[in-house]
Amino acid sequence: DPQKVGPLTMPPFRAIPVTTADAMTLPGGYRAQVLAPWGETFTEGGREIGFNHDYVGFFPIDMLTGGTSSTEALLTINHEYVNPMFVGGDTKNRTPAQIRAEMEAVGVSVVRVKKEGREWRIVPDARNRRIDALSDIELTGPVRGSSAVKGATMVKGTVGNCSGGQTPWGTLLTCEENVDGYAKAWEGSGYDPMHQGWVTEIDPFTPEWTPKKRTAMGRFRHENVAVTVAKDGRVVGYMGDDMQDSCVYKFVSRGKYDPEGRAANLNLLAEGDLYVANFGNGSWVLLDYDKNKKLQDAKASDGKPLFTSQADVLADARASALAVGGTPVDRPEDIEIHPRTGEVYVALTNNSKHGNFFGQIVKFREQGDDWTATKFMWEIFAVGGPQSGFASPDNLVFDPYGNLWMVTDNSDLSTNPIKAFHGNNAMFFMPTEGPNAGKAFRFAVGPVDAEMTGPVWSPDGKTLFVSIQHPGEDSESLDKLRSNFAAKPGTNIPRPTLVAIEGFPGWKA
Ligand code: FEO
Ligand code: CA
Ligand code: CA
Ligand code: CA
């Protein structure tokens, strides 16, 4: 029980220095195994692991019967986007076959894995599968069948799968983030941008269960969902809109979670209330067309009403949020809930518009420690920069002691002041209490151009899974590669991959 584990205020490793090595660099005693790289065949039908791994979900293989296996699981891996140079080789004259290959390289992989000794491997399972840009997905909630989606109830595919979340009933919430470019990139494939930009729920255990887009959670650039169950049983999800000057949201389900009722839980996210955070007065503002006159009165620049229904409000949650006084912040990336205090941590990665290159992490506490509250208090937890040693915080994951493990995402290093002190993107250990609270200890450094994404622990704390996303991304051409990380033997093309980091002692009370 994580609540019974005491604080651990020192890192369980010797912090490592900055490096620009094209490798996964770890402290002594730790090692990383390449698992599930792009292109690896893993289903009987010959499907391959997708590109640019992001969020990873760990679903113990015995989870639905109450188990917590740490050595066998269904992993879900988000594949955020493709780099046409690597997936097709030609970025200018992309053929229909190449576009199809790109559509099949994004989305989500469901992969059964097993640990034998200290080695992880993929094992055959009928549930191993890909959900990609061509899969059938159902719209649920207020936007389903509405004019905002031209009456659609079923749509094609999920894209921009960035970070995500896991529900207590054993489903994945995959978050559709940067979805805007696809209609053009995949011209002729009938891509409708209004069908993307949602939270999509996938049941890794049940391939027959059609994945569902949860429109009640709003449409914006979804980074992730931090899921929890409130005291009264309602399910709460905290979410960020990763765009400059965009907002932090909270979804509260209408129904209540039933630990014994999985079938009913699978409908819980269809209906509920969506709120946006006002950091000025520490309040959550309900985004409900029928109850909020500001939404009814909001006008577009041509004087026409901005919204005429709740479906309109949800389909452009960003405009709705700004219309009701939601506070624009500096690009919210991951949000996670502290396992001991219940406080909610938000990575605000940076905002070049405001000269905020280094970002910060803020935390807030709901009134009465009730996640359904409509009032909260907030403060800054840590600020990026040369003093703290990190910049552009992105994905977060807690351990049960309450330490934050944070990865950075510094893009365009050549043009911003991060380059002077940061090196390749890194993972940091950050205690949240004791003498080192808010300090960042460098645990891992990724290969050239890569971002480490989607970290998740095995339940026993002995394995940390991390995605290595876009190694060598800034290469000019396949002849001038900046990275060869995880290349297939005999080749030099870098591959995005999942790595399993071993060497941790596991949780100790
Ligand atoms: Fe895909 Fe906001 O990171
Ligand atoms: Ca992420
Ligand atoms: Ca991110
Ligand atoms: Ca980022």
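The shown structure was predicted, so the numbers you read here are calculated from the model rather than taken from an experiment. Along every chain, residues carry numbers that run from 1 in the direction the sequence is written. Whichever chain is written first is A, and whichever ligand is written first is 1; the rest continue in order. For a predicted model such as this one, the threshold for reporting local features is a pLDDT of at least 70, and the threshold for listing and counting side-chain atom pairs is 80 or more; totals across whole chains, interfaces and linings nevertheless cover every residue.

**Q** Hey, could you go over unusual backbone geometry for me, with residue numbers and the actual values?
**A** Its identity as a non-glycine residue notwithstanding, Lys 150 has a phi of 50 degrees, on the positive side. Relative to the helices and strands, Lys 150 is located in the loop between strand 7 (136–140) and strand 8 (154–156). Comment: burial labels come from other C-beta atoms within 10 Å of the residue's own C-beta, placed from the backbone, where a count of 20 or more is buried, 12 or fewer is exposed, and between is partly exposed. Since 10 C-beta atoms lie within 10 Å of it, Lys 150 is described here as exposed. Even without being glycine, Arg 331 reaches a positive phi, approximately 60 degrees. Structurally, the position occupied by Arg 331 is in the loop between strand 19 (329–330) and strand 20 (332–337). Given 26 C-beta atoms within a 10 Å radius, Arg 331 is considered buried. Only runs of H or I of at least four residues qualify as helices and only runs of E of at least two qualify as strands under DSSP, and these elements are numbered from the N terminus.

**Q** Talk me through the pairing of strand 30 (residues 497–502); I want residue IDs and the actual numbers.
**A** Counting buried positions over the six residues of strand 30 gives five, a clear majority of the element. As judged from the five bridges shared by strand 1 (residues 31–35) and strand 30, these two strands associate in the antiparallel manner. Following the sheet pairing, Ala 32 is matched in strand 30 by Ile 501. Strands pair, by our definition, only if DSSP identifies at least two bridges between them. Pairing geometry for strand 29 (residues 463–469) and strand 30, over six bridges, is antiparallel. When the bridges of strand 30 are listed, Phe 465 appears paired with Ala 500.

**Q** Outline the sheet that holds strand 25 (residues 404–408), listing residues and values.
**A** Pairing is antiparallel in the open sheet, where four strands are placed in the order 24-25-26-27. Two strands in the sheet have a free side with no partner beyond their single neighbour: strand 24 (393–398) and strand 27 (441–445). Each strand of the sheet is rotated relative to its neighbour by a mean of 25 degrees, with strand direction disregarded. Of the strand pairs in this sheet, strand 25 and strand 26 (residues 426–430) are connected by four bridges, and their pairing is antiparallel. Among the inter-strand pairings, Met 406 is bridged to a residue of strand 26, identified as Phe 428. Here an angle of 0 to 180 degrees is reported between the N-to-C directions of two axes, which are lines fitted to C-alpha atoms, with helices fitted over the stretch in contact.

**Q** Can you lay out the sheet that holds strand 20 for me, pointing to particular residues and giving the numbers?
**A** Read from one edge to the other, the open sheet built from four strands follows the order 20-21-22-23, with strand pairing classed as antiparallel. The open sheet has two edge strands with one neighbour each: strand 20 and strand 23 (376–383). For this sheet, the mean inter-axis angle between neighbouring strands, taken without regard to orientation, is 20 degrees. By the bridge criterion, seven bridges tie strand 22 (residues 360–366) to strand 23 in an arrangement that is antiparallel. Of the residues in strand 23, the one forming a bridge with Gln 360 is Val 383.

**Q** Which residues make up helix 2 (residues 96–105), and what values do they have?
**A** Those residues of helix 2 not exposed but buried are Glu 102, Met 103 and Ala 105. Seen along its axis, helix 2 keeps its buried residues to an arc of 165 degrees; they face one direction. Of the exposed residues in helix 2, the ones pointing more than 90 degrees away from its buried face are Pro 96 and Ala 97. A pair of residues counts as a contact when their C-beta atoms, built from backbone coordinates, are within 7 Å of each other. Where the residues of helix 2 are buried, they touch strand 3 (72–79) and helix 1 (84–87). Once helix 2 ends, the next one or two residues include Gly 107, with phi positive near 100 degrees. The directions considered for the arc run from the helix axis to the C-beta atoms.

**Q** Describe the environment of Asp 232, listing the residues and the values that go with them.
**A** Checked against the element boundaries, Asp 232 lands in the loop between strand 13 (222–229) and strand 14 (234–241). For the pair formed by Asp 232 and Asp 370, sequence separation is 138 residues and the distance between their alpha carbons is 9.1 Å. Filtering out sequence-adjacent residues up to four positions away, Asp 232 remains in contact with Lys 256 and Thr 372.

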